[in-house]
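# Overview (structure and organization)
The primary structure of each chain is shown beneath.
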Amino acid sequence: QVQLVESGGGLVQAGGSLRLSCAASGRTFSAYGMAWFRQAPGKEREFVAGISAGGARTTYADSVKGRFTISRDNAKKTIYLQMNRLKPEDTAVYYCAADQVFGRLRPDHYDYWGQGTQVTVSS
């Protein structure tokens with residue numbers, strides 16, 4: 001079993017930056033593809049970024065590519081989301097998630113979820 005805990009959210013001005021972290025438990029963390037999703041009030045949970053088990057492959061939603069970077073440190077059992085040039089439309093609760101394969105975009109594909117961390121971007 002994998003447990004995930006997000007941190008690093010907060011309130012920032014448009015154009016600012018945040019780095020989210022997701023700490024994982026379990027000895028098999030390195031075998032999982034990982035992803036970040038986000039969900040704004042009244043909206044569906046949407047895929048933001050994904051990374052393969054070894055970290056060699058990444059994928060991003062069109063809305064964040066060029067601004068966000070996903071990375072992982074398997075020794076620390078942690079994934080990160082560096083968010084730059086933030087926009088008000090990035091405001092959402094951000095969740096990390098684990099899957100047995102890489103690159104799936106639907107939230108129902110993922111086996112494990114963190115509790116979420118709030119990101120608010122002011123205009």
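Predicted, not measured: the structure shown is a model, and the values here were computed from it.

## A short note on the state of the cysteines
This model, assessed by the stated rule, comprises one disulfide. Bridging Cys22 to Cys96, the disulfide has an S-S length of 1.9 Å. Residues Cys22 and Cys96 share a disulfide whose torsion about the S-S bond is about 50 degrees; that sign makes it right-handed. Within this pair, whereas Cys22 is found in strand 3 (residues 18-24), its partner Cys96 is found in strand 9 (residues 92-99), the two being separated by 74 residues in sequence.

## Some remarks on the environment of Ala40
Within the fold, Ala40 resides in the loop between strand 4 (33-39) and strand 5 (46-51). Residues Ala40 and Thr91, 51 residues apart in the sequence, show an inter-C-alpha distance of 6.7 Å.

## Topic: the pairing of strand 3
Of all seven residues that make up strand 3, five are buried, and the element is covered over most of its length. In this structure, strand 1 (residues 4-7) lies alongside strand 3, joined through four bridges in antiparallel fashion. Across the sheet, the residue bridging to Glu6 is Cys22, located in strand 3. One ladder, built from six bridges, connects strand 3 with strand 8 (residues 78-83); its direction is antiparallel. For Arg19, the partnering residue across the bridge sits in strand 8 and is Gln82.

Quick notes on the rules
Residues numbered from 1 in each chain as written. Predicted model: local features only at pLDDT ≥ 70, side-chain atom pairs only at ≥ 80, totals over all residues. Heavy atoms only, no water. Disulfide = S-S within 2.5 Å. Helix = DSSP H or I, 4+ residues; strand = E, 2+ residues; numbered from the N terminus. Buried < 20%, exposed > 50% of the residue type's maximum accessible area, 1.4 Å probe, protein only. Pairing = 2+ DSSP bridges.

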